[in-house]
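In case you want the letters, here they are:
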Amino acid sequence: MGKTSGSKQLASAASDTFATETKPLTPVRPCQKGKTLLKARLVRLDKDEVIPNATVVADKGGASLSQVSAAGTGIADFGVVAPGMYTFSVTLSPDLSKKFKPFEPKNANVPVQVDFQATLKLEPLSKLRIIMFDQTGKAIKDASWKMVQPVAASGTTGAAGLIEVDVPSSSPSGDLLVTFPDPPDKEGAPTPPAAADPANPAYPIALNAEHFVPKKEPANVPLKEVTWKYDIALIDEADDEDGWKARLINLGFPCIDAARTTRSVKAFQRIQKKEYDGSGTLADIAGDLKTVHDKV
């Protein structure tokens, strides 16, 4: 559960990009005017797309400079500065905070007489959506949930049984604690038998079905609370067998081996398509898997 759709190529590219983020910030070229110039360019971590309207702070020994990244270039231009060690950080607007995770402060030594440009990268947030449903495919409403990793969040599921959280794209896994609502009481109180009149006893004696109902065994205690560990990763597109299986697994149908996959396909056909004599063939539900899995 909790995987996001995408491609293996995109996953590989993102992984490579994350790895290069550990490289130190370096100056671009000597300044022809003999001055020390400082700029910071703000881009997305996963691709070279600039991010405007974010406040970039360059701090040197407690003296802070701040500039807003420009539209089109993503550059925060600090102009002429004193050389030395600078610590870069970023302040995001409420709108940008919904899209990106701020980077940890980064240090760079700005030498004398250089046109120094630091490239700062923001990690995009992914929308993690988890749908709670029971064995019949019905959404579970009013289930309270709490997430600690990769972000702290909590809430209650609505009519669609949806849990929705913004998480960093590089987050590999997390924990989700769910407390289910109490099941509805389907059994009403038994109808009491009519009071007998000692002066006029009824004959024949009226029979009451409640007198003949066998004593019920104690019902199983319903599951009240559970903690799930989930993985967040890019999955294959929905046009091949790997993509179909990934979506089937995310929907709660295991695909451990061929036999289990066949049973899961039949279960999906029965629950989602109301086909009680399904084929069990994965390709037969390819279109339905994409519709059900990717609809949120």
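Just above, that's the structure.
Residues numbered from 1 in each chain as written. Predicted model: local features only at pLDDT ≥ 70, side-chain atom pairs only at ≥ 80, totals over all residues. Heavy atoms only, no water.

**What to know about the environment of Gly 252**
Here's step 1: As for its placement among the helices and strands, Gly 252 is situated in the loop between α3 (241-250) and α4 (258-273).
Here's step 2: Owing to a relative accessible area of 55%, Gly 252 belongs among the exposed residues under this scheme.
Here's step 3: Expressed as a C-alpha distance, the spacing of Gly 252 and Phe 133, which sit 119 residues apart in the sequence, is 9.5 Å. (Helix = DSSP H or I, 4+ residues; strand = E, 2+ residues; numbered from the N terminus. Buried < 20%, exposed > 50% of the residue type's maximum accessible area, 1.4 Å probe, protein only.)

**Observations concerning the packing of aromatic side chains**
Here's step 1: Tallied over the entire structure, the rule returns two aromatic pairs.
Here's step 2: With a centroid separation of 6.4 Å and 85° between ring planes, the pair formed by Phe 180 and Trp 228 is classed as edge-to-face. Highlighted residues: Phe 180 in the loop between β14 (173-179) and β15 (225-231) and Trp 228 in strand β15, separated in sequence by 48 residues.
Here's step 3: Judged by relative accessible area, which is 12%, Phe 180 ranks as buried. (Phe/Tyr/Trp six-rings, centres within 6.5 Å; stacked < 30°, edge-to-face > 60°.)

**Let's talk about unusual backbone geometry**
Here's step 1: One non-glycine residue with positive phi stands out, namely Gln 113, at about 55°.
Here's step 2: Relative to the helices and strands, Gln 113 is located in the loop between β9 (106-110) and β10 (114-131).
Here's step 3: Not every positive phi belongs to a glycine, and Lys 274 is a case in point at roughly 60°.
Here's step 4: Topologically, Lys 274 is positioned in the loop between α4 and α5 (286-293).
Here's step 5: Given a relative accessible area of 53%, Lys 274 falls into the exposed group.

**Looking at the nonpolar core**
Here's step 1: Residues Leu 38, Leu 42, Phe 78, Phe 88, Leu 120 and Leu 122 are the most contacted members of the largest nonpolar core, which totals 24 residues.
Here's step 2: Mapped by element, the contributors of at least two residues to this core are β3 (37-44), β4 (55-60), β6 (75-80), β7 (84-91), β9 and β10.
Here's step 3: Top contributing element to this core by residue count: β10, with five residues.
Here's step 4: With residues up to four places along the chain from it excluded, the contact list for Leu 42 reads Glu 49, Val 50, Ile 51, Ala 54, Val 56, Ser 69, Gly 74, Val 90, Phe 103, Leu 120 and Leu 122.
Here's step 5: Residues Met 132, Ile 140, Ala 143 and Met 147 belong to the second largest nonpolar core, which totals 16 residues. (Core = buried A, V, L, I, M, F, W, Y, C linked by side-chain atoms within 4.5 Å. Contact = heavy atoms within 4.5 Å.)

**A look at α3**
Here's step 1: The complete set of buried residues in α3 reads Gly 243, Trp 244, Ala 246, Arg 247, Leu 248 and Asn 250.
Here's step 2: Gly 252, located one to two residues past α3, shows a positive phi value of around 100°.

**Topic: the environment of Val 56**
Here's step 1: Mapped onto the elements, Val 56 comes out in strand β4.
Here's step 2: A C-alpha to C-alpha distance of 9.6 Å links Val 56 and Phe 78, two positions 22 residues apart in sequence.

**Topic: the side chain of Thr 261**
Here's step 1: Counting through the fold element by element, Thr 261 comes out in helix α4.
Here's step 2: For Thr 261, a relative accessible area of 8% corresponds to the buried category.
Here's step 3: Residue contacts for Thr 261: discarding those within four places in its chain leaves Lys 245, Pro 254, Cys 255 and Leu 282.

**Section: the pairing of β10**
Here's step 1: Here β3 pairs with β10 via eight bridges, running parallel. Paired with Lys 39 across the two strands is Gln 117, which belongs to β10.
Here's step 2: As paired elements, strand β8 (residues 100-101) and β10 share two bridges and run antiparallel to each other. By the bridge assignment for β10, Lys 101 is matched with Glu 123.
Here's step 3: Sheet analysis places β10 next to strand β13 (residues 162-168), joined by seven bridges and oriented antiparallel. Paired with Ser 126 across the bridge in β13 is Val 167. (Pairing = 2+ DSSP bridges.)

**A short note on the sheet that holds β15**
Hydrogen bonds along the backbone pair up the strands of a sheet, which may run parallel or antiparallel.
Here's step 1: Here four strands make up an open sheet; going across it, the order is β12-β11-β14-β15 and the pairing antiparallel. Each edge of the open sheet carries a strand with a single partner, namely β12 (153-156) and β15. On average, each strand axis in the sheet is inclined to that of its neighbour by 20°, with strand direction left out of account.
Here's step 2: Strand direction decides the pairing type here: strand β11 (residues 144-147) and β14, joined by four bridges, are antiparallel. In the strand pairing of β14, Ser 144 is matched with Thr 179. (Axes fitted to C-alpha atoms, helices over the stretch in contact; angles between N-to-C directions.)

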